[in-house]
Amino acid sequence: ISLEFIPNVTQVSGSTFQLIIVNVTVDAGFDPGVYNGTLNITSTGGSKNISLEIEVPITKTWNVTPVSCEKPMAPRVGIVCQIRVNNTGNMPFYFTISPQYGNYTSVNETNFTLLKQESHVFRVDYNATDAAAQFHYSYFNLSVNETDASPHYVILTMILNPYIGALINFTVPPNETEQLGIF
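Residues numbered from 1 in each chain as written. Predicted model: local features only at pLDDT ≥ 70, side-chain atom pairs only at ≥ 80, totals over all residues. Heavy atoms only, no water.

Visitor: How should the overall build of the protein be read in this particular structure?
Guide: Helix and strand counts for the protein stand at 0 helices and 14 strands. Along the protein, helices (α) and strands (β) appear in the sequence β-β-β-β-β-β-β-β-β-β-β-β-β-β when read from the amino end. Relative to the compact-globule value of 16 Å for 183 residues, the protein shows a C-alpha radius of gyration of 29 Å, a clear excess of over 25%. Going through the 183 residues of the protein one by one, you find that 25% of them count as buried. In the protein, once contacts between residues fewer than 6 apart in sequence are set aside, the share between residues at least 24 apart is 59%. Charge centroids of the protein, computed over 7 positive and 14 negative side chains, lie 5 Å from each other. (Helix = DSSP H or I, 4+ residues; strand = E, 2+ residues; numbered from the N terminus. Rg over C-alpha atoms; globule rule 2.2 N^0.38 Å. Buried < 20%, exposed > 50% of the residue type's maximum accessible area, 1.4 Å probe, protein only. Contact = heavy atoms within 4.5 Å. Lys, Arg positive; Asp, Glu negative; His and termini not counted. Charge placed at Lys NZ, Arg CZ, Asp CG, Glu CD.)

Following this line, the structure appears as structure tokens:
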């Protein structure tokens, strides 16, 4: 927790009134609760303590990226993509992924826990060995155990594309041409 005083006053003339705004900043992931402190104001006539009470609310937020992946079906077995889940709140979350299998795709795990401010990566694999040469769509529900979390769930979309990506990779070195005897 940090405090910023606006304006930053170090001295006030006698018999004067000075309004000071105190801006409180709490780092992301800071434990929720009520925090107490004391602000000491000192003058030539003495000092005075002012009690401060700061409440850090519970934050139940998270995000995921990407939410949609598309993969050519060549080779016939591989990874569609890797999904990163970030707990941006200050409470732990228990995540569930369902279903485990869907339309030639599968997730490498079906549940995991994230502490506050942690990230986790899981994988969506595919095996299109017996799949027809057509688009195959799969949907996975990534949900969290807290009903008041934001969001409560995200639908992940996986697409197996029957068209093969470019198989040719070439580079052209720069051409040096002599002009007027200078390269």
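Visitor: Hey, could you run me through the sheet that holds strand S8 (residues 93-98) in this one?
Guide: Hydrogen bonds along the backbone pair up the strands of a sheet, which may run parallel or antiparallel. The strand order across the open sheet built from 5 strands is S6-S14-S13-S8-S11, with neighbouring strands paired in mixed fashion. Only two strands of the sheet have a single neighbouring strand rather than two, namely strand S6 (68-72) and strand S11 (111-114). Each strand axis lies, on average, 20° off the axis of its neighbour in the sheet, ignoring direction. (Pairing = 2+ DSSP bridges. Axes fitted to C-alpha atoms, helices over the stretch in contact; angles between N-to-C directions.)

Visitor: Is there a simple way to think about the nonpolar core in this case?
Guide: Note that soluble globular proteins tend to have their nonpolar side chains buried in a common cluster. Among the nonpolar cores identified, the biggest contains 27 residues, and Trp62, Phe122 and Leu142 are the most heavily contacted of them. Taken together, the elements giving at least two residues each to this core come down to strand S5 (62-65), strand S7 (77-87), S8, S11, strand S12 (119-127), strand S13 (136-144) and strand S14 (153-161). With residues near it in sequence (within four places) discarded, Leu142 still touches Trp62, Val64, Val85, Phe95, Thr96, Ile97, Phe112, Phe122, His152, Tyr153, Val154 and Leu156. (Core = buried A, V, L, I, M, F, W, Y, C linked by side-chain atoms within 4.5 Å.)

Visitor: Looking at this model, I keep getting lost on the pairing of strand S3 (residues 33-43). Mind explaining?
Guide: Remember that side chains alternate between the two faces of the sheet whenever the strand is regular. Two elements, S3 and strand S4 (residues 46-56), share 11 bridges in a ladder whose sense is antiparallel. By the bridge assignment for S4, Asn40 is matched with Asn49. Between the end of S3 and the start of S4, which pair antiparallel, lie 2 residues.

Visitor: Would you mind going over the environment of Thr113 with me for this structure?
Guide: Within the secondary structure, Thr113 sits in strand S11. Taking the C-alpha atoms as reference points, Thr113 and Gln18, 95 residues apart in sequence, are found 50 Å from one another. Every residue in contact with Thr113, bar those within four places of it in the chain, is listed here: Phe93, Tyr94 and Glu118.

Visitor: Could you clarify how one ought to interpret the pattern of salt bridges in this entry?
Guide: Think of it this way: side chains of opposite charge can pair up when their charged atoms draw near. Per the stated rule, a full pass over the model turns up 4 salt bridges. The closest approach of N and O atoms between Lys60 and Glu146, which form a salt bridge, is 2.9 Å. Of this pair, Lys60 sits in the loop between S4 and S5 while Glu146 sits in the loop between S13 and S14, and the two are 86 residues apart along the sequence. In this structure, Arg123 and Asp125 form a salt bridge, with 2.6 Å as the shortest nitrogen-oxygen distance. On the basis of relative accessible area, Asp125 is assigned to the buried category, the value being 17%. Members of the salt-bridge network, linked through shared partners, are Lys60, Glu146 and Asp148. (Salt bridge = Lys/Arg side-chain N within 4 Å of Asp/Glu carboxyl O.)

Visitor: Explain the state of the cysteines here, please?
Guide: In a disulfide, the sulfur atoms of two cysteines are covalently bonded to one another. For the structure shown, the criterion picks out 1 disulfide. Across a sulfur-sulfur distance of 2.0 Å, Cys69 and Cys81 are joined as a disulfide pair. Here the S-S torsion is close to 85°, and the disulfide linking Cys69 with Cys81 is therefore right-handed. Here Cys69 is found in strand S6, whereas its partner Cys81 is found in strand S7, with 12 residues between them in sequence. (Disulfide = S-S within 2.5 Å.)

Visitor: Please clarify how the packing of aromatic side chains should be interpreted in this entry.
Guide: Each pair of aromatic rings is reported with the distance of its centres and the angle of its planes. Evaluation of the coordinates by the stated rule reveals 7 aromatic pairs. Ring geometry for Phe95 versus Phe112: centroids 5.1 Å apart, planes at 15°, classification stacked. Here Phe95, found in strand S8, pairs with Phe112, found in strand S11; they are 17 residues apart in sequence, far enough to count as distant. Of the residues examined, Phe95 reaches a relative accessible area of 0% and is grouped as buried. By relative accessible area, Phe112 is classed as buried at 6%. (Phe/Tyr/Trp six-rings, centres within 6.5 Å; stacked < 30°, edge-to-face > 60°.)

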